[in-house]
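# Structural features, examined
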Amino acid sequence: MNYKIINFNQLGDERGHLVVVEGNKDIPFDIKRIFYIYGSDTDVVRGMHANRDSEFVLINVSGTSKVKVKDCNEEVVVNLDHPHMGIYLGKMVWKEMYDFSKDSVLLVLASTHYSNEEYIRDYNEYIKECEEA
Ligand code: TYD
């Protein structure tokens, strides 16, 4: 499946930690957009879509959450529970983010500018396109 766990180097010293994420170095694309998700209740499920053109890296820079990643053959659940880890999601994977801690700030780096047209929000449609690919 088209995803990868990325462990970023932790820099820093007695003053605290510092994590650097450089496009095309630490992650495999140019960063065109960032957004972040916070204030989601524990019982909220976000995402529930796939993207035809975008690649993403998700990092819980504060708190924790889980992400379920699926394609038409398999699924995995990854705990995002360290500010120095990320998950890379390639094009055309289905993702669901949930189990947000109260202090969760989920940072998302994206390879594209936002375009609603490249989203597949209907799961049946996703499975169809995934199986045709
Ligand atoms: P949505 O895709 O539902 O968020 P999530 O996948 O995290 O559950 O996006 C929520 C709203 O924000 C929706 O109206 C689209 C808008 N939006 C943008 O305008 N630009 C963006 O880059 C993103 C990610 C969302």
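Residues numbered from 1 in each chain as written. Predicted model: local features only at pLDDT ≥ 70, side-chain atom pairs only at ≥ 80, totals over all residues. Heavy atoms only, no water.

## Describing the pattern of salt bridges
- Applying the stated criterion across every chain, the model contains six salt bridges.
- We note a salt bridge from R52 to E129, for which the minimum N-O separation is 2.8 Å. Here the residue R52 occupies a position in the loop between β5 (46-51) and β6 (56-62), and E129 occupies one in helix α1 (residues 123-132), the gap between them amounting to 77 residues.
- Owing to a relative accessible area of 31%, R52 belongs among the partly exposed residues under this scheme.
- Given the relative accessible area of 19%, E129 is considered buried.
- As a salt-bridge pair, K68 and E75 come within 3.9 Å of each other at their nearest N and O atoms. (Salt bridge = Lys/Arg side-chain N within 4 Å of Asp/Glu carboxyl O. Helix = DSSP H or I, 4+ residues; strand = E, 2+ residues; numbered from the N terminus. Buried < 20%, exposed > 50% of the residue type's maximum accessible area, 1.4 Å probe, protein only.)

## A look at the layout of surface pockets
- Within this model, the largest pocket holds a volume of roughly 210 Å³.
- Surrounding the largest pocket, 13 residues form its lining, F35, I37, H49, M97 and Y119 being those nearest its centre.
- Of all elements in the fold, only β4 (33-38), β5, β6 and β10 (94-98) reach the threshold of two or more residues within the lining of the largest pocket.
- Broken down by element, the lining of the largest pocket gets its largest block of residues, three residues, from β5. (1 Å grid on protein atoms, 1.4 Å probe; cavity = no way out; pocket = protein on both sides within 12 Å on 5 of 7 lines; lining within 4 Å. Points joined across faces, edges and corners; volume = space filled by probe spheres on them.)

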